[in-house]
Amino acid sequence: MKITRRTALAIVAGGIASTGIAAAAVSSFSDEDLVRVTLEKYFGPLNMRIEHLQQFVLEFQNRNPWIFPSDRLADAMTLLETVKLDKAREFLPSQRQQDVGNFERWVIAEFHMLTDYAWRSSPSDPIRFTGWHPCTNPFANLEQQNA
């Protein structure tokens, strides 16, 4: 097989174009995209309106500002989860792997506390952002004990 100069230039041009497209795609990701792909990884497709997702992400960021990964790491993880290459996480440095795992645990926990996901009557019901609610346990003793 003989590679001509024209073939080599076409390969290089294709590589540059695909790199540019990938960079444009990564820079267009938002925080909502990262949260959505993370939740869909564990719960499957979400029946959640974008307004409710945006409210959830905003409240999540307000409650836990230190949990969200850096912009570059968030964009990379969103891209990898979108194209189903989450196994590439193994190539991250161990601290970054911990950051991503910690983010996933927090976002799942907050998702259960700030939405009606667990309270829906059927899986086809839409998921709504409900915000933070005080304890609803009828047996909880919320009075302070005087020692």
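Residues numbered from 1 in each chain as written. Predicted model: local features only at pLDDT ≥ 70, side-chain atom pairs only at ≥ 80, totals over all residues. Heavy atoms only, no water.

Peer 1: Tell me about the overall build of the chain, and name the residues and values.
Peer 2: For the chain, the count of helices and strands is five helices and zero strands. Helices and strands appear in the chain in the N-to-C order α-α-α-α-α. Within the chain, the fraction of its 147 residues that count as buried is 29%. For the chain, the proportion of contacts with a sequence separation of at least 24, taken over those separated by at least 6, is 61%. In the form shown here, the chain has an accessible surface area of approximately 10500 Å², with 58% of it arising from carbon and sulfur atoms. (Helix = DSSP H or I, 4+ residues; strand = E, 2+ residues; numbered from the N terminus. Buried < 20%, exposed > 50% of the residue type's maximum accessible area, 1.4 Å probe, protein only. Contact = heavy atoms within 4.5 Å. Areas by Shrake-Rupley, 256 points an atom, 1.4 Å probe, with all protein chains shown as cover.)

Peer 1: Please give an account of the pattern of salt bridges that cites residues and values.
Peer 2: According to the stated counting rule, one finds seven salt bridges in the structure shown. Notably, a salt bridge pairs glutamate 51 with arginine 49, separated by 3.1 Å at the nearest N-O pair. Note that glutamate 110 and arginine 63 form a salt bridge whose closest N and O atoms lie 2.7 Å from each other. Linking glutamate 110 in helix H5 (residues 94-114) with arginine 63 in helix H3 (residues 50-63), this pair joins segments that are 47 residues apart in sequence. (Salt bridge = Lys/Arg side-chain N within 4 Å of Asp/Glu carboxyl O.)

Peer 1: Run through the environment of leucine 34, naming residues and quoting values.
Peer 2: With respect to the element layout, leucine 34 can be found in helix H2 (residues 31-43). Its relative accessible area of 3% is what places leucine 34 among the buried residues. Once the C-alpha coordinates of leucine 34 and glutamate 104 are considered, the two residues, 70 residues apart in sequence, prove to be 10.0 Å apart.

Peer 1: Talk me through the packing of aromatic side chains; I want residue IDs and the actual numbers.
Peer 2: According to the stated counting rule, one finds eight aromatic pairs in the structure shown. Taking 4.8 Å as the distance between ring centres and 45° as the angle between the ring planes, the aromatic pair formed by phenylalanine 43 and tyrosine 117 counts as tilted. With a gap of 74 residues between them, phenylalanine 43 in helix H2 and tyrosine 117 in the segment after H5 connect regions that are remote in the sequence. Here phenylalanine 60 and phenylalanine 103 contribute two aromatic rings whose centre-to-centre distance is 6.0 Å and whose plane-to-plane angle is 75°, an arrangement assigned as edge-to-face. Remark: phenylalanine 103 occurs in helix H5 and phenylalanine 60 occurs in helix H3; sequence separation between them is 43 residues. The burial state of phenylalanine 60 is the same as that of phenylalanine 103; both residues are buried. These aromatic residues form a ring-pair network of at least three members: Phe43, Phe56, Phe60, Phe68, Phe103, Phe111 and Tyr117. (Phe/Tyr/Trp six-rings, centres within 6.5 Å; stacked < 30°, edge-to-face > 60°.)

Peer 1: Could you give an account of the nonpolar core, naming the residues involved and the relevant values?
Peer 2: Counting residues in each nonpolar core, the largest one holds 23 residues, and the members touching the most others are Val35, Leu39, Phe56, Phe103, Val107 and Phe111. Of all the elements in the fold, those that place two or more residues in this core are H2, H3, helix H4 (71-82) and H5. (Core = buried A, V, L, I, M, F, W, Y, C linked by side-chain atoms within 4.5 Å.)

Peer 1: Can you lay out the confidence of the model for the chain for me, pointing to particular residues and giving the numbers?
Peer 2: Of the residues in the chain, 85% have a pLDDT of 70 or more, and the chain-wide mean is 81. Across the chain, element-level confidence peaks in H3 with a mean pLDDT of 92 and bottoms out in helix H1 (residues 5-27) with 67. (pLDDT = per-residue confidence, 0-100.)

Peer 1: A description of the environment of serine 30 should follow, citing residues and the corresponding values.
Peer 2: Among the secondary structure elements, serine 30 is positioned in the loop between H1 and H2. Separated by 48 residues in the primary sequence, serine 30 and threonine 78 place their C-alpha atoms 8.9 Å from one another.

Peer 1: Describe the side chain of threonine 78, naming the residues involved and giving the relevant values.
Peer 2: In this structure, threonine 78 sits in helix H4. Beyond its immediate chain neighbours, meaning those up to four positions away, threonine 78 contacts Phe29, Asp33, Leu34 and Val37.

Peer 1: Which residues make up the side chain of threonine 38, and what are the values?
Peer 2: Tracing the backbone shows threonine 38 in helix H2. With a relative accessible area of 2%, threonine 38 lands in the buried category. A distance of 2.7 Å separates the side chain of threonine 38 from the backbone oxygen of leucine 34, its partner in a polar contact. Discounting chain neighbours no more than four positions away, the residues touching threonine 38 are Phe103, Glu104 and Val107. (Polar contact = N/O pair within 3.5 Å; in protein donor to acceptor, adjacent residues only side chain to side chain.)

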